Every structure is written in structure tokens, then in C-alpha cells.
Amino acid sequence: MCGIVGFAGARRASDIIYNGLKQLEYRGYDSAGIATLSDGKISALKRRGRVSVLESEIEKLGGVTGIGHTRWATHGKPSDENAHPHVFGKFAIVHNGIIENYSDLKEKYFGGVKFNSDTDSEIIVRLLDKFYGGDLVGALKKISLILKGSYAVAVICADFEGIAVLKRNNPAIIGYGDGENFAASDAPALAGLCSEISVLDDGDIALITKDGVNIFDENLQGVVRERLVNLATPASLDLGGCPHYMLKEIREVPASVERTRLAYLTVESKVKEVLRGVKRVIITGCGTAYNSGLVAKRYIESFVKIPAETEIAGEFRYKNPVITPETAVIAISQSGETADTVEAAKLAVSCGAKVVAVTNAPYSQLTRIADVVVPVGAGSEICVAATKSYTGQIAALYLIAGTLAGIDASEKLLKIPKLCKETLEHIDIDTLADMCARSGGVYFLGRDIDYAVALEGSLKLKEISYVPSEGYPAGELKHGTLALIDIKTVAVVIITDERLAGKSENAVEQVLSRKGKVAVISNVAGIEKRLEGRAEVIKIPACDEFLSPLLSAIAVQLLAYKTALLLDRDPDKPRNLAKSVTVE
């Protein structure tokens, strides 16, 4: 989940690395650091806090070779000492991943020695110093044989005017420039710096200098990894007149849906070919991606009339799933690097399933596993919370279900961007946000497809505002959760299916009778009149019931955003979270 940048060239390394880290801050922002090499001497700067804390001091770091890191803590609290790079002897390293056996290695090789940090990562630089005898590649190979876990490691060595990269189970890419070359954990860090990149394979070791790149596989044989066009564009740091990126990105939902629809047309025939003969679908993802998969389950079972299951990727990967060649697995990940989802996809392939990747990242690990990739046209998301990527995923999944069913789903999506804009222009969520900010807990309720959105609404509120919240099927309220309803709680009920409106309104009445506060997000005619004076009603435009999640999603996203503002939370960078979850 951490962000890594490396540079070897003729320009000032610290400037290049700092700007690259700013582009990767969505991967972690509890501390940051840069190390550079100049005349055989390593200098390092690292601080607790966001990348910007380095800006006033990076001029102290000379040299044209260096590495940088923005951290999401796994082992060791956020602090200057635990920040990367870790420096020891002739080496400085930055690490993304988890070294699962670091305690055993520390005891075996350094028993009784006090380390400078509480991180698992420091073991890497200590081992490099121990095993190094003038052969950098050999030392990296030795530590790769004993490290257990996941890692993308970038290294500078006082004896080598360049950087080295070691990769296993975490993403690492190489960028090719003119008289300069790069390494990073994600392409956005290299946007605008190079036109071509390569993605390293597990076990690869790369040596990068200003003059070129040499890559060795896990057998230390020289290899050439495919050069790919760098499709990343620099993430626009322009807020577009918005106070926060989250609001800007919610306003970009209509464009995300339309770009996803257009992108799907380029892969539709491939999707049809891969899914021919499929009789069962498993949809897997984590967090928001899992919630979008719940919507997809409804689409597939309704349109195609075949069994569909939604599995949390972290659970699915440790199962012994029943899979046949007639099973398709749809793996959803905004970054394409979500560790549990990538491993779930690998398991599906090993069991003989056809794998469809739904992702916003074209060169990610997930895309290299899948039989076909369905692109999400959300573009860059700077805010940690998924907004336009969630709606982009729903649009992509709706189109996949249409292909499976043999219907023109693209045509049905044509009107949705306009309705999304209408929702954004006219929705009034302020009163409900104030209710949530003052509450002791919020319960999102819905039936059928609305339940899937209720789960996402609850997740958004929790991660952005820190208000305790849960999502429940509306019919389950009376089977336990009703005991928690009192004057301090708020129920947000989503009702977009006229067939089930009466059933969901029963839940409204049950909450009101226990003195709970209620708000209803709905496009069903008559609800506002029936609940007048008793519950807050937030209206969204009428539309096809299967496409309503694209509108109700905007409502719950804005609710989380405005509640966060009332509570003085940072909606763009919520505490303890990062966008790209590359560790278990």
C-alpha cells in the first residue's frame, strides 16, 4: 500500500522523487522520506506526516540518484523513526509489502542487536549489509531466498551509481526515459516523465542507471520485459473549484459512467467470447469493489437466469471453491493490485475458471491474470474513498451482464449520465448530514438491489466521517437490529423498487415507532406524501430500477462527504486508510 519512487539520471533526484510521491500519496500518507546518493555518500530525509512535510527540506539532498517512499503503517506506529527510507551501512531501502518472518530473521541473524525502528522493513537493509560482498545482485538474491511475505524494494548502495529493485507479490514498474530511468510502485508516479514502462515479474531484480536498465529473473538470467506505452497522465491536482477532491470526483460520476460505457464497446466481443457457455458466475472483490459485486449478482441472476455468487476476496482465496470450466469469476479491483483479489483470481485460474477483470488500472497484476479485462473509465481518483470508480464498476458490471444475456445494455445506459447530473444539481442532503453528524449510529437499510447500495453507503459514512454505521437488509431490522434503535440513532432507507416500496416502508414505521430518526432516499412516487412530516425524504430522479444504484450511490456519497465536513474530518485522506491495498 505504500508508494515507492526511484530515479537515476542527470537531474536533481530529490525534486523528481518528491513530485512522484505526491502522485502516489493515495497509497499512504502517515510518513514520507527520500534518500539520495552523491559522491558515494547516502543522505536521507524522513518525517512523520504527509509528503508535503518534506518540501521545505529537500534542497538539502544533493545527487542525481535516489529513492523515496510514502507510508501506510503496518508494523510500527507512524513516526520519524519508522518512516522509510531505512539506512544502514552502505545501503538505503524503501519497501512496500509485509515481511512475515522478520521476527525470526531478526533473531537468527541479529540476536540481541537493537534496531532503529519497529518496522518489519528494517530487516531488509540489515540483511543487505550483512550479505553484501561487492555483488549487489548476489546480495539481493540471497535475501530473496529467505524473505517470506510480499515486497517491492528499491535500494541505493554507496558503491553503485544507480538503484536496484527486487519484486515479489507487490507491484513494481520500470520507466524508460532519455538519459534517465525510473522505478515506481504505480504508473501515476511516472506520468509525464517517460513514455514507456515495463512491469516486473515476481522474483525479478532490476539494476537501473541513467544509461539503461538490466533485469534478471529469479534464476539470475538476464531477461527483457515487454515495453508498454505509459498510459498514465499526471493526476490533476486542480480542485476544479471544489474544496475537496472527493466532491470533485463525485461530480465526475456522469463522465465516469459514460467513459466506461464507451470503453466497453472496445472489449465487448472479447467478453462475449470468453463467457460463451458459462453457467455460473462468482464475483469477488474487497470493500467498495465487493459492494459493486453485490449489484452485479442481481444483474446476472435477473438478466441471465444463471447462479451468481458474491464472495469477499480475502475469504474466497482461502476456500476450496467448487469451480468447473463452465464457471466465470469476475474479479473487481479499482487499482488492479488489491492483494486478496489478485490471489483470488490466481486461485480461480488454477481451478480452471474463466476470469474477467474489472479494473481502473490497465497494467496491473489483475490484468495479467485475466482472460479479458473490462476497463473502468473513472480516471485518476485522488480521494482515498472510491466514488466515481464505484459507479464506473457498476456500469461495467451492468454491461457484462447485458452481454451474458444478449441484450443491448449500452443503449440502456445512454440516459444515465444526464440523470446523474440531474441528481448532483438538485439533491438536498444537508439536513440528513446534520442528523448523521449528531447521531450515535446510522443504519442504512434497503431491500434487494437497494441493500447493496445500503452497504456502500454505510462503508462511505464510516470511512469518511468515522460515524459508526451498518448496512442491513430492511427485512432483517426486526431480527435483532431493532434493539439498537433509539432517539440517538438514524436510519437511512433506500427505496427505488416500487414493487418492494411497501415492504421497505414497514421498516420506516418500525424505526419511527421506537423514536428513531428516519430519512428515505427514493424515486418512487407517493413516498414523500405518505411520510410527510415524519421522515426526511431525499428525492432522486426516476429511472430503470436496475440502474437506480448509479443515482442512489451519488446520494450516499454526498451524505458521507457532508457529514465529514460537519465533523471537521478530512474527506480526502481519512485516518488509517489507503486507496491501494496491496497487503493482506
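Residues numbered from 1 in each chain as written. Predicted model: local features only at pLDDT ≥ 70, side-chain atom pairs only at ≥ 80, totals over all residues. Heavy atoms only, no water.

Points about the overall build of the protein chain
This is how the line gets drawn: The numbering of helices and of strands both runs from the N terminus, where a helix is a DSSP run of H or I of at least 4 residues and a strand a run of E of at least 2. As defined in this context, the radius of gyration uses C-alpha atoms, and a globule is described by 2.2 Å times the residue total to the power 0.38. Exposed residues in this analysis have more than 50% of their type's maximum accessible area, buried residues have under 20%, and partly exposed residues fall in between, with area computed by a 1.4 Å probe over protein chains only. Pairs of residues are marked as contacts when any of their non-hydrogen atoms sit within 4.5 Å.
What the protein chain contains, in helices and strands, is 19 helices and 25 strands. Taking 25 Å as the expected radius of gyration for a compact globule of 584 residues, we find that the protein chain reaches 25 Å, a close match to that expectation. Judged by the C-alpha coordinates and their principal axes, the protein chain covers about 80 × 50 × 45 Å. With 584 residues in all, the protein chain has 61% of them scored as buried. Put simply, 73% of the contacts in the protein chain that link residues at least 6 apart link residues at least 24 apart.

Section: the sheet that holds strand S12 (residues 205-209)
How we decide: Pairing between two strands is assigned when DSSP locates at least 2 bridges connecting them. Lines fitted to C-alpha atoms define the axes, with helix axes restricted to the stretch in contact, and inter-axis angles between N-to-C directions lie between 0 and 180 degrees.
In space, the 7 strands of this open sheet follow the order S5-S6-S7-S8-S12-S13-S14, with antiparallel pairing throughout. In this open sheet, the two strands that pair with only one neighbour each are strand S5 (86-88) and strand S14 (222-223). Looking at chain direction, strand S13 (residues 212-216) and S14 are connected through 2 bridges and run antiparallel. Counted as the bridge partner of Ile 215 is Val 223 from S14. Running at roughly 20° to strand S8 (residues 160-168), helix H4 (residues 136-146) makes contact with strand S6 (91-99), strand S7 (149-157), S8, S12 and S13 of the sheet.

Some points on the packing of aromatic side chains
Selection criterion: Pairing of aromatic rings covers Phe, Tyr and the six-membered ring of Trp, with a centre-to-centre limit of 6.5 Å; geometry is then stacked below 30 degrees between planes, edge-to-face above 60, and tilted otherwise.
Counted by the stated rule, this structure contains 11 aromatic pairs. Residues Tyr 299 and Phe 546 carry aromatic rings whose centres are separated by 6.3 Å and whose planes lie at 65° to one another, so their mutual orientation is edge-to-face. One end of the pair, Tyr 299, is in helix H8 (residues 288-303); the other, Phe 546, is in the loop between strand S25 (536-539) and helix H19 (549-566), and 247 residues separate them in sequence. Taking the relative accessible area as the measure of exposure, Tyr 299 reaches 0% and is therefore buried. On the basis of relative accessible area, Phe 546 is assigned to the buried category, the value being 16%. Relative to Tyr 472, the ring of Tyr 443 lies with its centre 6.3 Å away and its plane at 35°, an arrangement referred to as tilted.

Observations regarding helix H10 (residues 339-350)
Rules: Multiplying one less than the number of residues by 1.5 Å gives the expected span of a helix.
Compared with the 16 Å implied by 1.5 Å per residue over 12 residues, the 17 Å span of H10 between its first and last C-alpha is a close match. Among the residues of H10, Ala 339, Asp 340, Thr 341, Val 342, Ala 344, Ala 345, Leu 347 and Ala 348 are the ones counted as buried.

Observations regarding the sheet that holds strand S24 (residues 517-522)
The strand order across the open sheet built from 5 strands is S22-S21-S23-S24-S25, with neighbouring strands paired in parallel fashion. On the outer flanks of this sheet lie strand S22 (469-473) and S25, each paired with one strand and no other. Between one strand axis and the next, the sheet turns through 20° on average, direction left out of account. Note: S24 against S25, 4 bridges, orientation parallel. Within S25, the residue paired with Ser 522 across the bridge is Lys 539. Contacting strand S21 (441-446), S22 and strand S23 (489-495), helix H16 (residues 449-465) runs over the sheet at an angle of about 175° to S22. Running over the sheet, helix H17 (residues 501-513) touches S21, S23 and S24 and is turned about 170° from S23.

Purely spatial values, then, with no claim about function.
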